[in-house]
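A look at the structure
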2 protein chains.
Amino acid sequence: MISVVILGSGNVATHLFKAFNKADGIVINQWYSRNINAIASYKNDTEVIDDLSLIKDADAYILAVSDDAISELSSQLPFENRLVMHTSGSVNIYDIDKKHKRGVFYPLQTLSKDADIDFAQVPICVETIDKKCYPIIKDLAVAIGSPTKRVNSDQRRVLHLAAVFVNNFTNQLYRIGHEVTESEGAEFDLLKPLIMETAKKVQDLSPFKAQTGPAMRNDKKTIRKHLKLLENQHHKDIYELLTTSIQHTHGRKKL
Amino acid sequence: MISVVILGSGNVATHLFKAFNKADGIVINQWYSRNINAIASYKNDTEVIDDLSLIKDADAYILAVSDDAISELSSQLPFENRLVMHTSGSVNIYDIDKKHKRGVFYPLQTLSKDADIDFAQVPICVETIDKKCYPIIKDLAVAIGSPTKRVNSDQRRVLHLAAVFVNNFTNQLYRIGHEVTESEGAEFDLLKPLIMETAKKVQDLSPFKAQTGPAMRNDKKTIRKHLKLLENQHHKDIYELLTTSIQHTHGRKKL
Ligand SMILES: NC(=O)c1ccc[n+]([C@@H]2O[C@H](COP(=O)([O-])OP(=O)(O)OC[C@H]3O[C@@H](n4cnc5c(N)ncnc54)[C@H](OP(=O)(O)O)[C@@H]3O)[C@@H](O)[C@H]2O)c1
Ligand SMILES: NC(=O)c1ccc[n+]([C@@H]2O[C@H](COP(=O)([O-])OP(=O)(O)OC[C@H]3O[C@@H](n4cnc5c(N)ncnc54)[C@H](OP(=O)(O)O)[C@@H]3O)[C@@H](O)[C@H]2O)c1
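Please read these numbers as outputs of a predicted model, since none were measured by experiment.

The rules behind the values
Residues numbered from 1 in each chain as written. Chains lettered and ligands numbered in written order. Predicted model: local features only at pLDDT ≥ 70, side-chain atom pairs only at ≥ 80, totals over all residues. Heavy atoms only, no water. Helix = DSSP H or I, 4+ residues; strand = E, 2+ residues; numbered from the N terminus. Rg over C-alpha atoms; globule rule 2.2 N^0.38 Å. Contact = heavy atoms within 4.5 Å. Areas by Shrake-Rupley, 256 points an atom, 1.4 Å probe, with all protein chains shown as cover. Lys, Arg positive; Asp, Glu negative; His and termini not counted. Charge placed at Lys NZ, Arg CZ, Asp CG, Glu CD. Buried < 20%, exposed > 50% of the residue type's maximum accessible area, 1.4 Å probe, protein only. Near = heavy atom within 4 Å. Polar contact = N/O pair within 3.5 Å; in protein donor to acceptor, adjacent residues only side chain to side chain. Nonpolar A, V, L, I, M, F, W, Y, C, P; charged D, E, K, R; others polar. Buried area = accessible area lost by both parts, 1.4 Å probe. Salt bridge = Lys/Arg side-chain N within 4 Å of Asp/Glu carboxyl O. UniProt positions renumbered as here; feature names shortened; annotations may be inferred. Pairing = 2+ DSSP bridges. Axes fitted to C-alpha atoms, helices over the stretch in contact; angles between N-to-C directions. Least-squares fit on C-alpha atoms with pLDDT ≥ 70 in both. Domains from an automatic or database assignment. 1 Å grid on protein atoms, 1.4 Å probe; cavity = no way out; pocket = protein on both sides within 12 Å on 5 of 7 lines; lining within 4 Å. Points joined across faces, edges and corners; volume = space filled by probe spheres on them.

1. Examining the overall build of chain A
For chain A, the helix and strand inventory stands at nine helices and eight strands. Relative to the compact-globule value of 18 Å for 255 residues, chain A shows a C-alpha radius of gyration of 23 Å, a clear excess of over 25%. Taking all contacts inside chain A whose residues are at least 6 apart in sequence as the whole, residues at least 24 apart take part in 51%. Surface accessibility of chain A: about 11,200 Å² in total, with carbon and sulfur atoms responsible for 44%. Charge centroids of chain A, computed over 33 positive and 31 negative side chains, lie 9 Å from each other.

2. Some details on the environment of Ala 199 of chain A
Mapping Ala 199 of chain A onto the fold places it in helix H5 (residues 192–204). Judged by relative accessible area, Ala 199 of chain A falls into the buried class, the value being 0%. In this structure, the C-alpha to C-alpha distance between Ala 199 of chain A and His 250 of chain A, residues 51 residues apart in sequence, is 20 Å. Contact partners of Ala 199 of chain A, with chain neighbours within four places excluded, come to Tyr 174, Ile 195, Met 196 and Ala 199 of chain B.

3. Concerning the site of ligand 2
Residues and elements named next belong to chain B. Lining the immediate surroundings of ligand 2 are 19 residues, of which Ser 9, Val 12, Arg 34, Asp 67 and Leu 111 lie closest. In the environment of ligand 2, an oxygen atom lies 2.6 Å from a nitrogen or oxygen atom belonging to the side chain of Asp 67. Considering ligand 2 on its own, with 900 Å² of exposed area, one finds that the protein chains cover 72% of that surface. At the level of secondary structure, the elements contributing two or more residues to the shell around ligand 2 comprise helix H1 (11–22) and strand E6 (101–107). Here the residues of the shell around ligand 2 sort into seven nonpolar, ten polar and two charged.

4. Some points on the interface of chain A and chain B
Counting residues at the interface gives 84 residues for chain A, matched by 84 residues for chain B. When chain A packs against chain B, the two sides together hide about 8,500 Å² of surface, and 69% of this comes from carbon and sulfur. By the criterion of area lost to chain B, the three top residues of chain A are Phe 165, Val 166 and Leu 190 of chain A, representing 8% of everything that side buries. Where chain A touches chain B, the interface holds four salt bridges.

5. Notes on the UniProt feature "domain: DUF2520" (unreviewed entry) in chain A
When the UniProt feature table is mapped to this numbering, "domain: DUF2520" (unreviewed entry) covers residues 122–245 of chain A. Between the C-alpha atoms that bound residues 122–245 of chain A the distance is 30 Å, and the span itself is 68% helix and 6% strand.

6. Describing the sheet that holds strand E6 (residues 101–107) of chain A
All names here are of chain A. Read across the sheet, eight strands follow the order E3-E2-E1-E4-E5-E6-E7-E8 without closing on themselves; strand pairing throughout is mixed. Strands with a single pairing partner mark the edges of an open sheet, and in this sheet they are strand E3 (47–49) and strand E8 (148–150). For this sheet, the mean angle separating the axes of adjacent strands, direction not counted, is 25°. Strands in contact with helix H3 (residues 134–143) are strand E1 (2–7), strand E2 (26–32), strand E4 (60–63), strand E5 (83–86), E6, strand E7 (124–128) and E8; relative to E7, the strand with the most contacts, it is inclined by about 165°. Strands in contact with helix H4 (residues 153–182) are E5, E6, E7 and E8; relative to E6, the strand with the most contacts, it is inclined by about 25°.

7. A look at the relation of the copies chain A and chain B
For the match of chain A to chain B, the screw axis carries a shift of 0.0 Å, the RMSD comes to 0.0 Å, and the turn is 180°. The superposition of one copy onto the other is thereby described by a two-fold rotation axis. Considering only C-alpha atoms, the part of chain A nearest the rotation axis is Thr 170 of chain A, at 2.8 Å. Most of the interface of chain A is mirrored in chain B, where 100% of its interface residues again form contacts.

8. Quick look at the domain arrangement of chain A
Residue and element names in this part refer to chain A. Here chain A is described as being made up of domain 1 (2–151) and domain 2 (156–249). Distance from the C-alpha centre of domain 1 to the C-alpha centre of domain 2: 36 Å. Listed as interface residues are 14 residues of domain 1 and, on the opposing side, six residues of domain 2. Buried area between domain 1 and domain 2, summed over both chains or domains, comes out near 730 Å², and the portion from carbon and sulfur atoms is 56%.

9. Observations concerning empty space enclosed by the protein
Take a probe with the size of a water molecule and roll it over the atoms, and the empty space left behind shows itself. Taken as a whole and assessed by the stated rule, the structure comprises one cavity of 30 Å³ or more. Quantified by volume, the largest cavity comes out at close to 40 Å³. In terms of lining residues, the largest cavity is bounded by Thr 110, Asn 167 and Asn 171 of chain A together with Thr 198, Lys 201, Ala 210 and Thr 212 of chain B. Where the lining of the largest cavity is concerned, the elements lending two or more residues are H4 of chain A together with helix H5 (192–204) of chain B. A per-class count over the lining of the largest cavity returns one nonpolar, five polar and one charged.

10. Observations regarding the sheet that holds strand E3 (residues 47–49) of chain B
All names here are of chain B. Taken in spatial order, the eight strands of this open sheet run E3-E2-E1-E4-E5-E6-E7-E8, and their pairing is mixed. Of all strands in the sheet, those bounded by a partner on one side alone are E3 and strand E8 (148–150). This sheet shows a mean twist of 25° between the axes of neighbouring strands, independent of strand direction. Pairing of strand E5 (residues 83–86) with E6, which is carried by four bridges, proceeds in the parallel orientation. Bridge pairing in E6 links Val 84 to Arg 102. Relative to E6, helix H4 (residues 153–182) is tilted by about 25°, and along the sheet it contacts E5, E6, strand E7 (124–128) and E8.

Here is the structure:
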């Protein structure tokens, strides 16, 4: 049985609480938030606290707090030599106070309090300084059904950066698709199957092989028509830049 | 029973052939390709031809050929006053020779010969000049299980443009995610669940509401770190432009 204390009450903390709470092999000793009201409704499931001096012994402490709060909160913990992890994609493992055994438990997924998530779809990127800490972190992930991957700091950083491209930037392309269709009173809903299919395609095929379309074919006529249709200069710039990027990747002639 | 003749032997023609062939209520009278070898293997399922003078009577003719070939091929058809449709997102309906009853049967999906597709996930955007042609086109779509939507030319054009954003450009962002992760020997595979989740999220939530991340939060520290990490100038430009675009959409301060 692995005992944990969760710190923070945001998106990640809440999902981890729920997943750990129903997992076999994990016991949540306490849940800390500086704002006790945020977690008070869980007081029948675990001990909720807002005072760090009350914090109990556990095998692992998970700081699921804002990136900027990780360093300070880790220093405030009134103990040392225990395993303390943060959950961030971009914060250095050395930002955790060195009095602790330090680790990273980075869920490479978009988590929001209101949306359910299946932890089988949440790869946990694990980083440790002392490799003896790895098995316990791995066991935590396995208990909630998540795949794990050991990564070093450089790898975690680029994964976080890549996540911005495939998640935030992709979502903004969906948004532009929405704006463009609605500009003529067409329905964004019609694009939803295509959005799913585009994501599905790269589950088995590399994005390189999956590429199609006017930029890939260097279909100048269509590209010109599209640029003419776009009224928003931002959208035009994005169209041109991504067209060039595709042609660059695939060795096509420039626009 | 609706009788059809399919013209062309590429991605769309092949998928339509297979879908029509197994649908109740549709009979494929003939399949034409200028290159008979491409369709010869289907000769037990239907009559395959490469000579337009042999073309038979049918309720509908589907020109699933390259955009540039639609106009000429429609003129070469040795009959008039019958329903002739193309399948393109960007070609004008008036490009079809005016001796025909003209229509568009535009499958808003990415179709490739080698990949199976469920036609329930292929919205058919229908355009007609004479609205009396609509029911037969609608019946064709219904028979293969596809949702249909009547669109006008302007709407079809913006749908095709939006499809480039949510499909080709999105796929290029996946490609950049691939390059960025592999630059440090991290695995693109780790990003696949996030790619699926990002696509799933906008099935129920608008892309506007689904947005998260450093650009949205105006997290300058992370944005700066990411720009520093990116070595490829193209990738930097795309990062900056899409960050600005998100901030513009959400009324955040500029970079
Ligand atoms: N959400 C995701 O998709 C995701 C995915 C992977 C990794 N991460 C990482 O996971 C961590 C948490 O993210 P999140 O999305 O859960 O954030 P969030 O929803 O904004 O929650 C942040 C939590 O940190 C607490 N906090 C902030 N400053 C604090 C301080 N000085 N002392 C104590 N607690 C403090 C907040 O408390 P208050 O409520 O009292 O302000 C809140 O409970 C971050 O490192 C993030 O980079 C997030
Ligand atoms: N693929 C998609 O995802 C998709 C989705 C929606 C709409 N569309 C539209 O559907 C149409 C077909 O696309 P596709 O992807 O199926 O293209 P494709 O795979 O490239 O096939 C094009 C077909 O057109 C034939 N063709 C070209 N020029 C011709 C001519 N002058 N006379 C007779 N046949 C000619 C080709 O014959 P040869 O093999 O002999 O060259 C080939 O059979 C296009 O209008 C496209 O915009 C495609």
